[in-house]
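# Tertiary structure, described
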Amino acid sequence: MRKRLIVANWKMNMLRREAKELAERIINLLNDLRSSVDVVLAPPYTSLDVVYRVVRESKIQLGAQNVFWEAWGAVTGEISPYMLTDIGCKWAIIGHSERRNILRETDIMVQKKIKTSLDAGLTPVFCVGETIGEREKGKTINVIESQIEIGLKDVKLADSANLVIAYEPVWAIGTGNNATPKEIEHLHGVIREITGGILGQIASDIRVLYGGSVNPENIKEILATPNVDGALVGGASLRADSFGKIVQLAGE
Ligand code: 13P
């Protein structure tokens, strides 16, 4: 039985004071958080420490939105996975479509980030998903397959809990559009199958999240199918009431 997981991706939002206040409000709402759902907050790098201080005594865990693929060195402006574990992170979002599209991150970079993060003890939330153009050309499965095959090439996974995959159709992010529950279930099944071809049996226990305009109104429907293990939430995670509601509904 895979435990549900809800990850808040705060993206490039909030100054430290606002991030601290939001984390405090979320903690207050979720202080009786049921152990049937794992919750991760991923603030911007500059707010990691302040949010860590709020969540460290709770069941809520800390994640980063990105990470570099080398441990140390002359790489101006980048952040090592060891710096993230040092600041209290247990998770790192890797290969988000905004980084792939805006910063031209490639599947090989994503693969290196996954490997170095695993070495450092961080759990990657490995994002895959097609653009609207790719979807309209009927290439969704080819795109996802290639992202997973390259992203997980030669990755050694000791435990299924050490990796999470997030399916985020790019056209659903921040748009209010959603894939239908049937499409989501189908694609999550495909993702599990492709992952199984690379990692073997362990893939059946890896959590696969859905992301893209998830909110308190649609979370129940999205989570209702067997291959969906949780959600990666952007906009709706920026308000304590809507994020709290999503977590609460996921825990039911
Ligand atoms: P929205 O929930 O704002 O669509 O963002 C989804 C996302 O990109 C999470 O990583």
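In short, a report on the structure. (Residues numbered from 1 in each chain as written. Predicted model: local features only at pLDDT ≥ 70, side-chain atom pairs only at ≥ 80, totals over all residues. Heavy atoms only, no water.)

## Structural notes on the packing of helix α1 (residues 16–29) against helix α10 (residues 240–250)
One can describe the packing of α1 onto α10 by two numbers: an axis separation of 9 Å at closest approach and a directional angle of 40 degrees. Regarding the angle of α1 to α10, the classification is oblique. Note that α1 runs across α10; the crossing there is right-handed. Side by side, α1 and α10 meet where Leu-22, Arg-25, Ile-26 and Leu-29 of the first sit next to Ala-240, Asp-241, Phe-243 and Gly-244 of the second. Taken together, the residues of the contact of α1 with α10 break down into five nonpolar, one polar and two charged. (Axes fitted to C-alpha atoms, helices over the stretch in contact; angles between N-to-C directions. Helix = DSSP H or I, 4+ residues; strand = E, 2+ residues; numbered from the N terminus. Parallel < 35°, antiparallel > 145°, perpendicular 65-115°, else oblique. Left-handed = near helix turned anticlockwise from the far one by under 90°. Contact = heavy atoms within 4.5 Å. Nonpolar A, V, L, I, M, F, W, Y, C, P; charged D, E, K, R; others polar.)

## A word on the site of the ligand
If you check the shell around the ligand, you find Asn-9, Lys-11, His-96, Glu-168, Ala-172, Ile-173, Gly-174, Gly-212, Ser-213, Leu-232, Gly-234 and Gly-235 and nothing else. Within the side chain of Glu-168, a nitrogen or oxygen atom sits 2.9 Å from an oxygen atom of the ligand. In this structure, Gly-234 approaches the ligand through a main-chain N or O atom, which is 2.9 Å from an oxygen atom. Here the ligand loses 95% of its free accessible area of 310 Å² to cover by the protein chains. Of the residues in the shell around the ligand, the class split is three nonpolar, seven polar and two charged. (Near = heavy atom within 4 Å. Polar contact = N/O pair within 3.5 Å; in protein donor to acceptor, adjacent residues only side chain to side chain. Areas by Shrake-Rupley, 256 points an atom, 1.4 Å probe, with all protein chains shown as cover.)

## Some words on the layout of surface pockets
Rolling a probe over the atoms, with the probe sized like a water molecule, indicates the empty space that remains. Considered as a void within the structure, the largest pocket measures approximately 420 Å³ in volume. Along the walls of the largest pocket sit 15 residues, with Lys-11, Met-12, Gln-65, Asn-66 and Arg-99 positioned nearest its centre. No other element matches helix α4 (residues 97–102), which puts three residues into the lining of the largest pocket. (1 Å grid on protein atoms, 1.4 Å probe; cavity = no way out; pocket = protein on both sides within 12 Å on 5 of 7 lines; lining within 4 Å. Points joined across faces, edges and corners; volume = space filled by probe spheres on them.)

## Overview of the nonpolar core
Ranked by size, the top nonpolar core spans 65 residues in total, and within it Ile-6, Trp-10, Ile-26, Leu-41, Val-51, Phe-126 and Tyr-210 carry the most contacts. Beyond its immediate sequence surroundings of up to four residues, Trp-10 is in contact with Ala-19, Leu-22, Ala-23, Ile-26, Leu-41, Ala-42, Pro-43, Pro-44, Val-51, Gln-65, Ser-237 and Leu-238. Judged by nonpolar contacts, the second largest core, of twelve residues, contains Val-7, Ala-42, Ile-93 and Val-125. (Core = buried A, V, L, I, M, F, W, Y, C linked by side-chain atoms within 4.5 Å. Buried < 20%, exposed > 50% of the residue type's maximum accessible area, 1.4 Å probe, protein only.)

## Overview of the packing of helix α5 (residues 107–120) against helix α7 (residues 140–151)
Look at α5 against α7: their axes get within 8 Å of each other, and the N-to-C directions meet at 45 degrees. Here α7 runs oblique to α5, going by the angle between their axes. The handedness of the crossing between α5 and α7 comes out as right-handed. Of the residues in α7, those touching α5 at Asp-107, Ile-108, Gln-111 and Ile-114 are Ser-146, Gln-147, Ile-150 and Gly-151. When grouped by side-chain class, the residues that make up the contact of α5 with α7 number three nonpolar, four polar and one charged.

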